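Reading the structure
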Amino acid sequence: MSSSLALYRGIYTEERFQQVYGVAATPEPEGRLAEMLKGKLSRGCQCSRAAAWCLFQRRLPIASWLPKYQPKKCLLGDLVAGLTVGIVHIPQGMAFALLTSVAPVYGLYTSFFPALLYMLFGTGRHVSTGTFAVVSLMTGSVVERLVPVSLPSNGTVPNEVALLEGQRIGVAAAMAFLVGLLMIAMFTLRLGFLSTYLSEPVVKAFTSGAALHVVVSQLQSLLGLPLPRPDGCFAIFQILASVVEALPLTNIAELLISGLCLAVLVPIKEINNRFRSRMWVPIPGEIIMVLLATGICFASSLNTHYKVQIVGHLPAGFPQPQLPALHLLPQVLGDTVALTFVAYAISVSLAMIYAEKHHYIIDPNQELLAHGLSNLVSSLFTCFPSSATLATTNILESAGGHTQLSGLFTSAIVLIVLMWIGPLFYYLPKCVLACINVTSLRQMFLQFQDLPELWRISRIDFAVWVVTWLSVVVLSVDLGLAVGIVFSMMTVVCRTQRAECSVLGRAADTEIYKPVKYNSKCFEVPGVKILSYQAPIYYGNRNFFRDALSQLVGLEDIMKHEDQDLDHRIKMDISTVESSVSVLDQKKSTGMAVQAVILDCSGVSFVDSAGARLLIQVCAECQKAGVQMHLAACNANILQTLSFCGLMHHLPPQQIFVTVHDAASYLQQTMGNVEQKDPTIWV
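Residues numbered from 1 in each chain as written. Predicted model: local features only at pLDDT ≥ 70, side-chain atom pairs only at ≥ 80, totals over all residues. Heavy atoms only, no water.

1. A short note on the pairing of strand β7 (residues 528-533)
Operational definition: Remark: exposure states derive from per-residue accessible area (1.4 Å probe, protein chains only) relative to the maximum for the residue type, with buried under 20%, exposed over 50%, and partly exposed in between. A helix here means a DSSP run of H or I that spans at least four residues, while a strand means a run of E at least two residues long, and both kinds are numbered starting from the N terminus. Here, any two strands with at least 2 DSSP bridges between them count as paired.
The buried count for β7 comes to 6 of 6 residues, which makes it a mostly enclosed element. Both faces of β7 are covered, namely the face carrying V528, I530 and S532 and the face carrying K529, L531 and Y533. Pairing geometry for strand β4 (residues 501-507) and β7, over 4 bridges, is antiparallel. Looking at the pairing, C501 lines up with Y533 of β7. Sheet topology places β7 next to strand β8 (residues 596-600); 5 bridges connect them, and they run parallel. Bridging from a neighbouring strand, K529 pairs with V597 of β8.

Below, the structure written as structure tokens:
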């Protein structure tokens, strides 16, 4: 059964529509800006008990959700998910500490404090925070550059090496301290929106490219090669070249251990992924492998007989809180700014993904405060920068976590290891941690599977993905990210610059206007050229817009025709609709194809001063050529800008209409029968 629509109303110009349906204009008071600022300041200084409590709950979200907590519904899921994530955090924390070029125990510290602090201040119910591969890689590159001497691999650490360990964690803790300060400053300035400049193709390409950096950087640990980690552009190729040169020095024992670990961990990861819905909890392959490798290495003395690099002493308990090395802040500022942006973007992206999936809302600015405090406080306990983590967040959600309370159980597991179990990992081979690093990046490499679909959806987004990935791989992680962001923003600018200006035609017996190029049953209104421009008109695209409009209307041909036939030139005055009607009759008698132009502004989001001046110029040229210019479907901001720039001196209000159909109907009536005008629309 088909539906129908009957419409019978008057033709509305913007002026008449505002007179009938608009809001009555109120006179602006003198000193409007001062009054507005004074009002905002007075409202901001007002406070009540309810407003203070509401602000307290927004800044400390646990005060909002904990009183409403439902133990029967959520406690079991939070407990299982928190314990599962805590077990995964232990090997991953130690592994990502090696990626950061610090001792493994600092990875355990970084797995404990952020999880506990995010539970208090975070708004994402399914977010797991701690060590993350990309953040650790970016931190490690700075640590290697500032403290380039590699650490010995034996279990007994001399005083010189202990000093180097302190210097390295000093650099990493200073970066965490600065990350926290920057995030809190961004929270104060309400700059959470900056993460929107990281588009989805940029984020996915960046994480995939950074994952390749992680894998290549772990080759030396997988093969047992004591090689320094190069820094800067083309670092990935320098590492590959040095690994190839040092292949004869490969430690066969570590190569075999790495091969066996990968042969076990990769199938476990695949099983966990394929049968995730059928499993109560995922198989903890990492912790199983850590326990087995530690026991075998201890029983066989692999570190002494085959020179297998081991983790060494893991001190029990917590370090004394102390300020990081603040004198290092100027040296790490540039790298930390990029790291802050990446850490926040990844964290808020993960939070938004799971918030949308489970139908709740997060506060991006509060997330800045949560992660800022997590990094700031953690840095006092010699932690390196942290963020939300992709793998453990996925495990937390799939294991049945409901609220932030799961972070408490995660921290409890890490606390037990730090207080009592940590020293038992003395004989853990470092190559096992390298294998955990490599296998934890599975999801990032699987993002390559999205490329064929991305090619079908948008080739521009595909180009953004490829350019970002190549930049990250070939140049460096932070420089590649900058290239990807700039390239992504340039594609937006280019698309607004080269937006199509299309000719609209009317579908028979309807008020619907569609591009005639793509709709064969839409026909142009005789003598009227209806143009649609689907982009803002601003300084960057005004020349392209003018060229497209001139070509479609044929202004240049009209001007040439009038230059050749000056005696028959008609002088126009478009100050009133009545005078324009006589012009239309005269133009019609000359046989000119285009007598009027209607510019559909429904797709124009804004017009700047340069665009407004261009429209004035176009109106003047149309007036000179004897062609009427009409505007339709302008939003209020566009009308205000055009009015302030003086367009109304060239285009009277009677030629600005509410819709395209109003303008087309008016022109059809005036051109068809001037004597008997019926200002109504009938469809």
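2. As for the packing of aromatic side chains
Note the threshold: Only rings of Phe, Tyr and Trp enter the pairing, Trp through its six-membered ring, and a pair is recorded when the two centres are within 6.5 Å. The plane angle decides the type: under 30 degrees is stacked, over 60 is edge-to-face, the rest tilted. In this analysis the charged atom, NZ for Lys or CZ for Arg, is taken to sit over a ring once it is within 6 Å of the ring centre and within 35 degrees of the ring normal.
Taken as a whole and judged by the stated rule, the model has 20 aromatic pairs. Seen from their ring centres, F113 and F381 are 4.5 Å apart, and the 15° between their planes marks the pair as stacked. In this pair, F113 sits in helix α6 (residues 104-121) while F381 sits in the loop between α16 (364-379) and β3 (387-388), placing the two residues 268 residues apart along the sequence. Both rings, one in Y426 and one in Y427, keep their centres 4.9 Å apart while their planes meet at 70°; by these two values the pair is edge-to-face. Y427 gets classed as partly exposed once you look at its relative accessible area, which sits at 26%. Of the aromatic side chains, those joined through ring pairs into one cluster are Y106, Y109, F112, F113, F318 and F381. Sitting over the face of the ring of Y360, R125 holds its NZ or CZ atom 4.3 Å from the ring centroid.

3. Focus on the pattern of salt bridges
Which entries qualify depends on this criterion: Salt bridge, as used here, is a side-chain nitrogen of Lys or Arg placed within 4 Å of a carboxyl oxygen of Asp or Glu.
Within the structure shown, the criterion is met by 11 salt bridges. Taking the shortest distance from any N to any O, the salt bridge between E200 and K204 comes out at 3.0 Å. With a gap of 4 residues between them, E200 and K204 both fall in helix α9 (residues 200-217), about one helical turn apart. A relative accessible area of 23% places K204 in the partly exposed class. With a shortest N-O distance of 3.3 Å, E524 and K529 are connected by a salt bridge. Overall, the relative accessible area of 37% leaves E524 in the partly exposed class. For K529, a relative accessible area of 14% puts it in the buried group.

4. Concerning the environment of A535
Spelled out, the test is: What makes two residues a contact is simply this: any of their non-hydrogen atoms within 4.5 Å.
On the secondary structure map, A535 appears in the loop between β7 and α24 (542-553). For A535 and C601, which are 66 residues apart along the polypeptide, the C-alpha to C-alpha distance reads 9.0 Å. Residue contacts for A535: discarding those within four places in its chain leaves T496, A499, N541, G603 and V604.

5. Notes on helix α23 (residues 477-497)
The condition is simple: Expected span of a helix: the number of residues minus one, times 1.5 Å. Note that the arc is defined by the directions from the helix axis to the C-beta atoms.
Over its 21 residues, α23 runs 30 Å from end to end, which matches the ideal 30 Å to within 8%, given 1.5 Å per residue. When α23 is considered as a whole, its buried residues turn out to be V477, G480, L481, G484, I485, S488, T491 and T496. The buried residues of α23 occupy an angular sector of 160° when projected down its axis, which confines them to one face. In the core, the buried residues of α23 are packed alongside α7 (133-146), α9, α15 (329-357), α22 (459-474) and β7.

6. Focus: the packing of helix α8 (residues 159-188) against α16
Let me state the cut-off plainly: Between N-to-C directions, angles cover 0 to 180 degrees, with each direction set by a line fitted to C-alpha atoms, over the stretch in contact for helices. Orientation categories follow fixed angle ranges, with anything under 35 degrees roughly parallel, anything over 145 roughly antiparallel, 65 to 115 roughly perpendicular, and all other angles oblique. Handedness of each helix crossing follows the sense of rotation of the near helix against the far helix: counterclockwise by less than a right angle gives left-handed, clockwise gives right-handed.
For the pair α8 and α16, the least separation of the axes is 7 Å and the interaxial angle reads 155°. Relative to α16, the element α8 lies roughly antiparallel. The two elements α8 and α16 cross, and the hand of that crossing is left-handed. Residue-level contacts link A173, A176, F177, V179, G180, L181, M183, I184, M186 and F187 of α8 to N365, Q366, L368, L369, H371, G372, L373, N375, L376 and S379 of α16.

7. Details of the side chain of E144
For the record, the criterion: Each polar contact in these results corresponds to two N or O atoms within 3.5 Å; when the atoms are within protein, one needs to be able to donate a hydrogen and the other to accept it, and residues that are neighboring in sequence are counted only if both atoms are side-chain atoms.
As for its placement among the helices and strands, E144 is situated in helix α7. Its relative accessible area of 12% is what places E144 among the buried residues. At 2.7 Å, the side chain of E144 and the side chain of S101 are in polar contact.

8. Describing helix α28 (residues 636-644)
Residues I638, L639 and L642 constitute the buried set of α28. When α28 is viewed along its axis, its buried side chains cluster within an angular range of 100° and face the same direction. Away from the buried face of α28 by more than 90 degrees, exposed residues A636, N637 and F644 are located. Elements in contact with the buried residues of α28: α1 (14-21), α27 (609-625), β9 (628-632) and β10 (656-657). The backbone nitrogen of N637 has a side-chain oxygen 3.1 Å away, supplied by the residue at the start of α28, namely N635. After α28 finishes, the residue G646 shows a positive phi value of roughly 90°.

9. Some thoughts on the packing of α6 against helix α18 (residues 406-421)
Operational definition: Gly is placed with the polar residues, together with every amino acid not listed as nonpolar (Ala, Val, Leu, Ile, Met, Phe, Trp, Tyr, Cys and Pro) or charged (Asp, Glu, Lys and Arg).
Contact pair α6 / α18: the axes reach a minimum separation of 8 Å and the direction vectors enclose 155°. Viewed along their axes, α6 and α18 adopt a mutual orientation that is roughly antiparallel. Of the two elements, α6 crosses α18, and the hand of that crossing is left-handed. In this structure, α6 uses V105, L108, Y109, S111, F112, A115, L116 and M119 to contact α18, whose residues at the interface are G407, L408, S411, V414, L415, V417 and L418. Of the residues contributing to the contact of α6 with α18, the split by class is 12 nonpolar, 3 polar and no charged.

10. Some thoughts on the pairing of β4
Burial analysis of β4 places 6 of its 7 residues in the buried class, which makes it a mostly covered element. Across 3 bridges, the pairing between β4 and strand β5 (residues 513-515) is antiparallel. Across the sheet, the residue bridging to L504 is P515, located in β5. Across 2 bridges, β4 lies against strand β6 (residues 522-523) in antiparallel orientation.

11. Some thoughts on the nonpolar core
What counts here: Here, nonpolar core means buried Ala, Val, Leu, Ile, Met, Phe, Trp, Tyr and Cys residues that are tied together by side-chain atoms lying within 4.5 Å of each other.
Core analysis: the largest hydrophobic core is formed by 109 residues, its most contacted members being L428 and V432. Looking at this core, the element that brings in the most residues is α15, giving 15 residues. Within the second largest apolar cluster, 35 residues are counted, among which are V503, I537, V597 and C619.

12. Details of unusual backbone geometry
Residues other than glycine seldom take positive phi values, yet K307 does so here, at roughly 55°. As for its position among the elements, K307 is in the loop between α14 (302-305) and α15. According to the relative accessible area criterion, K307 is exposed, its value standing at 67%. The phi dihedral of H359 falls on the positive side, at around 65°, and the residue is not glycine. Mapped onto the fold, H359 is located in the loop between α15 and α16.

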